[in-house]
Amino acid sequence: MDLRVTDTSYLEWSGDALAVGLFEDQIELSGDLAVLDEQLAGTVKELIAETEFKGKEGNSVATRVGSGTKIRKIVLVGLGKVDDFKLERLRRAGAASARSAKKEKCKTLGITLPILGGDAAASAQAIAEGVELALYQDTRFKSEPDDKGPRVEQVDLLGLAGQDAAITRARQICSGVILARELVAAPANIVTPITLAETASAIAQEYGLELEILEREDCEKLGMGAYLGVAQASDLPPKFIHLTYKPEGTPRRKLAIIGKGLTFDSGGLNIKVSGSGIEMMKTDMGGAGATLGAAKAIAQLKPDVEVHFISAATENMISGHAMHPGDILTASNGKTIEINNTDAEGRLTLADALVFAEKLGVEAIVDLATLTGACVIALGDDIAGLWSPSDDLANQLLTASETSGEKLWRMPMEEKYFEGMKSVVADMKNTGPRPGGAITAALFLKQFIKNTAWAHLDVAGPVWADKENSYNSVGATGFGVRILVNWVLGTGL
Ligand code: BES
Ligand code: MN
Ligand code: ZN
């Protein structure tokens, strides 16, 4: 799909579908829109009346226009109330325009939307992201695509001439989101720890990043007993991935991003029972997917920040050499862990990854993990939990999330709850009682950080969408990539 910016006014533009954004409180026709309505012999007015279109956010209506006009279809896209107009609404309007054009079997689409707060660059980028993300379709595992209709081949953003750099940025970021979606959507027989390492290697080669893959023996030397305990029942080798982006010159900041990379989580001997969603546990590398997606985007965006992308990738399986419930493991910082539940494996892999990241001398560490079902119970499918002892880092991430439209909610680090993790025989257990399960998981991770600013994002809910919403189809969302990119770039509204 070709995405362009142009100064052509929407009265002049010719093509298959023209999408026009309208605010909820401003749907009466005036100015250019009244002229367009006249050009189209009253079709816009009729469409509004017939569909009772109110301009509500996310709504869109379309109809064919009479022959002899420059366009074939007109699409009206609701922008919601003009009051708290946000970048995310432009992104969604871009997505709604693209979806509508596709549904209406249009090959060319012109989009005309308002510019937010005079910031044409940010507006163009948001609209372009919405278009790109909404039009992406994953047909890798279908012998024939379900939808054989014509594809949207060309999208013109009207009135945004000169914003080519913003479009390029959007495409670079979306290439990272799409990589994350593809990694998460692929099943565990396709994406293994080896595949994740190969993906990191492909990014390193294409964009000139440094790559270090620690094999099992290397991890043994570093004493990564927690991570290796999880990996020990799999027939596949664990791969500890460390990909580094270094800017030219002195970096302004040094950061680390860690993603939970369980390419399948059977639960181990505390095996996931039927009804537990075991068949969805291919998505348990959603954190690693977002980490590699962010690496791909950041490698192209080239900020003046050094970023370490890390994942302790493995499977959580069962076999004769699986961890026994009750085993005691020693992590690479010397702390001992009694495994009272082999299904709380993500935190064990993250423990050694956090210790590794802190030794790199970075200024801040953010981990993303599909860590607990408890977080999904607390915040639902659309919102990720954010834990951090640092208000400063938490606020940086909340700003990045506000700009990206990927929702985060800050959760408490209630130290008292760590009492539930006390072990009689070891320094700690790996699970506490059921109540507050997402909080105790975060408190567990905190044991592996000494004094670097750190934040944990539990993304178990939003990595996958059961229903189509705005720019996500059903399936993997690529959640987190855009938060990470904004955080590293320091982009906020
Ligand atoms: N990968 C799961 C968490 C998960 C659950 C992700 C549902 C996505 C959807 C994690 O490894 C896990 O099994 N967590 C357990 C922890 C429990 C044993 C303390 C859970 O949430 O049940
Ligand atoms: Mn588990
Ligand atoms: Zn897991």
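Residues numbered from 1 in each chain as written. Chains lettered and ligands numbered in written order. Predicted model: local features only at pLDDT ≥ 70, side-chain atom pairs only at ≥ 80, totals over all residues. Heavy atoms only, no water.

Student: Provide a residue-level description of the sheet that holds strand β17 (residues 428-429), including the pertinent values.
Tutor: Spatially, β12-β13-β17 is the arrangement adopted by the 3 strands of the open sheet, whose pairing is mixed. Looking at which strands have only one partner, the edges of the open sheet turn out to be β12 (328-330) and β17. Direction of pairing for β12 relative to strand β13 (residues 336-338): antiparallel, over a ladder of 3 bridges. In the sheet register, Thr-330 faces β13, and the bridge partner there is Thr-336. (Pairing = 2+ DSSP bridges. Helix = DSSP H or I, 4+ residues; strand = E, 2+ residues; numbered from the N terminus.)

Student: Break down the sheet that holds strand β6 (residues 154-158) for me, citing the residues and quoting the values.
Tutor: Here 6 strands make up an open sheet; going across it, the order is β1-β6-β5-β2-β4-β3 and the pairing mixed. A strand with exactly one partner marks an edge of an open sheet, and here the two such strands are β1 (2-6) and β3 (60-64). In this sheet, neighbouring strand axes are inclined to one another by 20° on average, regardless of whether the strands run parallel or antiparallel. As paired strands, β3 and strand β4 (residues 71-78) are joined by 5 bridges and run antiparallel to one another. Across the sheet, the residue bridging to Arg-64 is Lys-73, located in β4. Each of β2 (15-22), β3, β4 and β5 (108-112) is contacted by helix α3 (residues 87-103), which is oriented at about 150° to β5, the strand it contacts most. (Axes fitted to C-alpha atoms, helices over the stretch in contact; angles between N-to-C directions. Contact = heavy atoms within 4.5 Å.)

Student: Describe helix α1 (residues 31-39), with residues and values.
Tutor: Every buried residue of α1 is listed here: Leu-33, Leu-36 and Asp-37. When α1 is viewed along its axis, its buried side chains cluster within an angular range of 100° and face the same direction. Exposed side of α1, more than 90 degrees from the buried face: Gly-31 and Glu-38 are the residues found there. Turning to α1, the residues buried within the fold contact β2, α2 (43-51) and β4. Phi turns positive one or two residues past the end of α1, at Ala-41, with a value near 55°. (Buried < 20%, exposed > 50% of the residue type's maximum accessible area, 1.4 Å probe, protein only. Arc of directions from axis to C-beta.)

Student: An account of the coordination of the zinc ion (ligand 3) is needed here, citing residue identities and associated values.
Tutor: Every protein donor of the zinc ion (ligand 3) is listed here as Lys-260 (NZ), Asp-265 (OD), Asp-284 (OD) and Glu-345 (OE), and their distances to the metal cover 2.0 to 2.4 Å. For the zinc ion (ligand 3), the 6 donor atoms are set out with angles of 78 to 172° between them, so the coordination reads as octahedral. Read N to C, the donor residues that coordinate the zinc ion (ligand 3) are spaced as K-x4-D-x18-D-x60-E. Here the manganese ion (ligand 2) and the zinc ion (ligand 3) are spaced 3.2 Å from one another, each receiving a donor from Asp-265. In this pair, Asp-265 is assigned in strand β10 (residues 261-265) and Asp-284 in the loop between β10 and α9 (286-301), connecting sequence segments 19 residues apart. Using a relative accessible area of 3% as the deciding quantity, one classes Asp-265 as buried. (Donors = N, O, S within 2.8 Å, 3.2 Å for Na, K, Ca; no water. Tetrahedral: all angles 85-135°; square planar, octahedral: opposite > 155°, others 65-115°.)

Student: Tell me about the domain arrangement of the protein chain, and please be specific about residues and values.
Tutor: According to the domain assignment, the protein chain consists of domain 1 (2-141 + 150-160) and domain 2 (173-489). Centre-to-centre separation of domain 1 and domain 2, based on C-alpha positions: 38 Å. Between domain 1 and domain 2 lies a buried interface of about 1600 Å² when both sides are counted; carbon and sulfur atoms form 58% of it. Taken together, the links from domain 1 to domain 2 amount to 2 salt bridges. Viewed at the interface, domain 2 and domain 1 are joined by 8 residue pairs in polar contact (both at pLDDT 80 or more). (Domains from an automatic or database assignment. Buried area = accessible area lost by both parts, 1.4 Å probe. Salt bridge = Lys/Arg side-chain N within 4 Å of Asp/Glu carboxyl O. Polar contact = N/O pair within 3.5 Å; in protein donor to acceptor, adjacent residues only side chain to side chain.)

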